[in-house]
Amino acid sequence: MKNIFYLAVFSMLFFTSCDKGFEDINVDPTYAPTLDVKYKFPQAVLYTAGQRYESWRGNFIYCSVMMQHLASTQGYWNGDKYTLSTSYAGALWEAEYPQAIKTLEDMKAQLEADELTASPEYAMVRILRVFSFHRLTDIYGDIPYSEAGKGFIDGVLRPVYDDQEFIYKDMLNELKEASDALSGGTSALGTSDIIFNGDLTKWKKWANSMMLRLGLRLVKRDPALAQQWAQTAIEGGVMTSNEDIAYVIHQSGNGILQNGNSEVFLADRSSRISKTFMDFLQGDPRMPVLVALPDGNNDVAVQKGLPNGYDGTTIANAPGGDDMSTYSEVNSNTLQGLDAPMFFQTYAEVEFMLAESAVRWGLAGGAAAAEDHYNAGVTAAMKFLELYSEDAAIDDADIATYLADNPYDPANALEQINTQYWAATFLNEYEAFANWRRTGFPVLTPVNYPGNVTNGTIPRRLTYFTGEAVTNKENYDAAVASQGPDLLTTRVWWDAE
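Bear in mind the structure is a predicted one, so any value in this text is a computation, not a measurement.

A word on the overall build of the chain. Along its length, the chain carries 19 helices and 8 strands. Oriented by its inertia axes, the alpha-carbon framework of the chain measures out at about 80 × 50 × 45 Å. Within the span of the chain, comprising 497 residues, buried residues form 58% of the whole. In the chain, the proportion of contacts linking residues at least 24 apart, taken out of those at least 6 apart, comes to 75%. Of the roughly 19,600 Å² of accessible surface on the chain, 50% is carried by carbon and sulfur atoms. Averaging the coordinates of the 36 positive side-chain charges in the chain and doing the same for the 65 negative ones gives two points 3 Å apart.

Before going further, it helps to spend a moment on the nonpolar core. Counting residues in each nonpolar core, the largest one holds 146 residues, and the members touching the most others are Ile195, Trp206 and Phe344. Considering every element that reaches this core, the biggest residue donor is helix H5 (residues 120–140), with 12 residues. With 5 residues, the next largest nonpolar core counts Leu306, Ile315, Ala318 and Tyr327 among its residues.

With that out of the way, let us pick up the pattern of salt bridges. Under the definition given, this model contains 26 salt bridges. The residue Arg269 makes a salt bridge to Glu329 at a minimum N-O spacing of 2.4 Å. Placement of Arg269 in the loop between helix H10 (260–267) and strand S5 (272–273) and of Glu329 in strand S7 (residues 329–330) is noted, with a sequence separation of 60 residues between them. Owing to a relative accessible area of 47%, Arg269 belongs among the partly exposed residues under this scheme. When its relative accessible area of 4% is taken as the criterion, Glu329 is described as buried. Of the charged contacts in the structure, one is a salt bridge between Asp284 and Arg286, with a shortest N-O distance of 2.8 Å. By relative accessible area, which is 2% here, Arg286 ends up buried. Connected through salt bridges with shared partners, the residues Glu105, Arg126, Arg129, Glu174 and Glu177 form a single ionic network.

Summarising the element assignment, Asp154 is placed in helix H6 (residues 151–154). The spatial distance from the C-alpha of Asp154 to the C-alpha of Ala109 is 10.0 Å, given a sequence separation of 45 residues.

Bringing the packing of aromatic side chains into the picture now. In the structure shown here, the tally under the stated rule is 26 aromatic pairs. With a centroid separation of 5.6 Å and an interplanar angle of 80°, the aromatic rings of Phe280 and Trp422 are classed as edge-to-face. Here Phe280, found in helix H11 (residues 275–280), pairs with Trp422, found in helix H16 (residues 413–424); they are 142 residues apart in sequence, far enough to count as distant. Judged by centre distance (5.3 Å) and plane angle (65°), the rings of Phe343 and Tyr388 are edge-to-face. Residue Phe343 is located in strand S8 (residues 341–345), and its partner Tyr388 is located in the loop between helix H14 (370–383) and helix H15 (396–405); the two are separated by 45 residues in the primary sequence. One exposure class covers both Phe343 and Tyr388, and it is buried. Chaining the aromatic ring pairs together yields one cluster made of Phe41, Phe131, Phe196, Trp203, Trp206 and Phe344. Above the plane of the ring of Tyr464 lies Arg461, whose end atom (NZ or CZ) is 4.7 Å from the centre.

You can see Asp268 is positioned in the loop between H10 and S5. Buried charged residue Asp268 carries no salt bridge. Nearest counter-charge: Arg272, at 7.2 Å. Side-chain polar atoms of Asp268 contact the side chain of Ser270, separated by 2.6 Å. Ignoring sequence-local partners within four residues, the contact set of Asp268 consists of Trp56, Tyr76 and Trp77.

Looking now at the pairing of strand S4 (residues 246–249). Of the two faces of S4, the one carrying Ala246 and Val248 and the one carrying Tyr247 and Ile249 are both buried. Note that S4 and S8 share 4 bridges and pair antiparallel. Paired with Ala246 across the bridge in S8 is Gln345.

Quick look at the packing of helix H4 (residues 91–113) against H5 now. Between H4 and H5, the least distance of the axes is 10 Å, while the angle of their chain directions is 155°. In terms of axis orientation, H4 runs roughly antiparallel to H5. Taken as a pair, H4 and H5 cross one another with a handedness that is left-handed. The residue inventory of the contact of H4 with H5, partitioned by class, reads 16 nonpolar, 1 polar and 7 charged.

Okay, H4 next. Taking 1.5 Å per residue, 23 residues should reach 33 Å; H4 reaches 32 Å between its end C-alpha atoms and fits that length. By the largest-angle criterion, Tyr97 marks the main kink of H4, which is about 50°, and a proline, Pro98, follows within four residues. Glu115 lies just past H4 and shows a positive phi near 55°.

Further remarks concern the environment of Lys102. Following the sequence through the fold, Lys102 ends up in helix H4. Put simply, Lys102 and Lys150 are 48 residues apart on the chain and 7.1 Å apart in space, counted from C-alpha to C-alpha. Apart from residues lying up to four places away in sequence, Lys102 is in contact with Tyr97 and Gly149.

A few words now on helix H19 (residues 473–483). Asn475, Tyr476, Ala479 and Gln483 are the residues of H19 that are buried. Along the axis of H19, the buried positions cluster into a sector of 105°, meaning they face one direction only. Looking at H19, the residues exposed on the side facing more than 90 degrees away from the buried face are Glu474 and Ala481. Residues of H19 that are buried sit in contact with H5, strand S3 (161–162) and helix H18 (468–471). In the segment just after H19, Gly484 is the residue with positive phi, at about 130°.

Rules of the game
Residues numbered from 1 in each chain as written. Predicted model: local features only at pLDDT ≥ 70, side-chain atom pairs only at ≥ 80, totals over all residues. Heavy atoms only, no water. Helix = DSSP H or I, 4+ residues; strand = E, 2+ residues; numbered from the N terminus. Buried < 20%, exposed > 50% of the residue type's maximum accessible area, 1.4 Å probe, protein only. Contact = heavy atoms within 4.5 Å. Areas by Shrake-Rupley, 256 points an atom, 1.4 Å probe, with all protein chains shown as cover. Lys, Arg positive; Asp, Glu negative; His and termini not counted. Charge placed at Lys NZ, Arg CZ, Asp CG, Glu CD. Core = buried A, V, L, I, M, F, W, Y, C linked by side-chain atoms within 4.5 Å. Salt bridge = Lys/Arg side-chain N within 4 Å of Asp/Glu carboxyl O. Phe/Tyr/Trp six-rings, centres within 6.5 Å; stacked < 30°, edge-to-face > 60°. Lys NZ or Arg CZ within 6 Å of the ring centre and 35° of its normal. Polar contact = N/O pair within 3.5 Å; in protein donor to acceptor, adjacent residues only side chain to side chain. Pairing = 2+ DSSP bridges. Axes fitted to C-alpha atoms, helices over the stretch in contact; angles between N-to-C directions. Parallel < 35°, antiparallel > 145°, perpendicular 65-115°, else oblique. Left-handed = near helix turned anticlockwise from the far one by under 90°. Nonpolar A, V, L, I, M, F, W, Y, C, P; charged D, E, K, R; others polar. Expected span 1.5 Å × (residues − 1). Bend = angle between axes of the 7 residues up to and from the residue. Arc of directions from axis to C-beta.

So, in structure tokens, the structure goes:
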């Protein structure tokens, strides 16, 4: 368990004077002219983790039900019905740019101004910055990147949208340079680093693990480049155990300190486990950990999944009936605490990507090692759940039985690996959505809800924050002309057909 220490969120006022000789009068001697990065860093991490607003609208109302982890009959849970709510679709953008991106760019500029670009802290900021941006570009496609978050720094109030190909190649280079700059030891940020507590070896592993994730994103667009980056990441050193997981432990309190996903469940208990996911969990020891009936009963014999694509009226005709108390929800006893961790990237995901790299290109020990990586991924995906709660621990014997009953199948490797990846990213729905678009797995059956805007197909992206079409119209229009219509069906660059 990590030793987490949260620092208060600060804001600074900067005073200037146009009158010669009044500089000293206008400076409060009790305040530093520039706030130390160690006070900004935890704020950036918590903003990146997400709060209730964007977690509800982007992570769950759209991504989770699209990926059929969850389902709901409420009309505003419209992601599995493929109808468009522009305010919900743009929620991640609306939240991340003025909060996480602004803070990250501020820290990066400050360290550059202080000539600290060789410091471990600069590398850490670059790594966290890539994580925040890659989530945004995966969801929206072409986005403000090179000029983003620089309104105060450079006076850029209407940033251009960079194309995703440029963004991806730059992010991969950023990760490589940041990884190369780290060689172990401890960061001066110490406990202000609420991800790894200053452990630079773990930061290096995360940089390379994220590099592997982003490299594999390119398999449909540029397989050779994807292989090159996967090999670079693996050689650089990726996560090797659940001790290396990139995650944040939250605290019960107010706003930013709390787990945004859990805040959603506290405010809205209308979601249920999808029938698709429940069917997958049959015989899986994760079932009693992940799901329970609304009354708290987690007996596997009585769990039932809600089909996607139904509303409050049509559910009466659905298999299983319309009594919502008989449909399972996310287990409140294990996964819903306001102090629950928020996972950015897990070791399980890394092992599945190593298995895929072994199958595709003979990397990570070659094809003969693919089964070992797959088994390690399944095991890690089950074991890391105990980070939520001691009640979520799964016995080794149960994991061994599951693997024996569901052995690695070389003939069906990519589907099997990436279906397990989908299960391992439950509640990290941004990543589940991205990996599904990249691989096509798991195979999901779309719904054809009346009035949907995708012709009955699962969306390929979310639409931009609506304010951009007004406040940044010229650059918004240029992005739409380049990428394609601002629709749920427009594919991002790496999601080639």
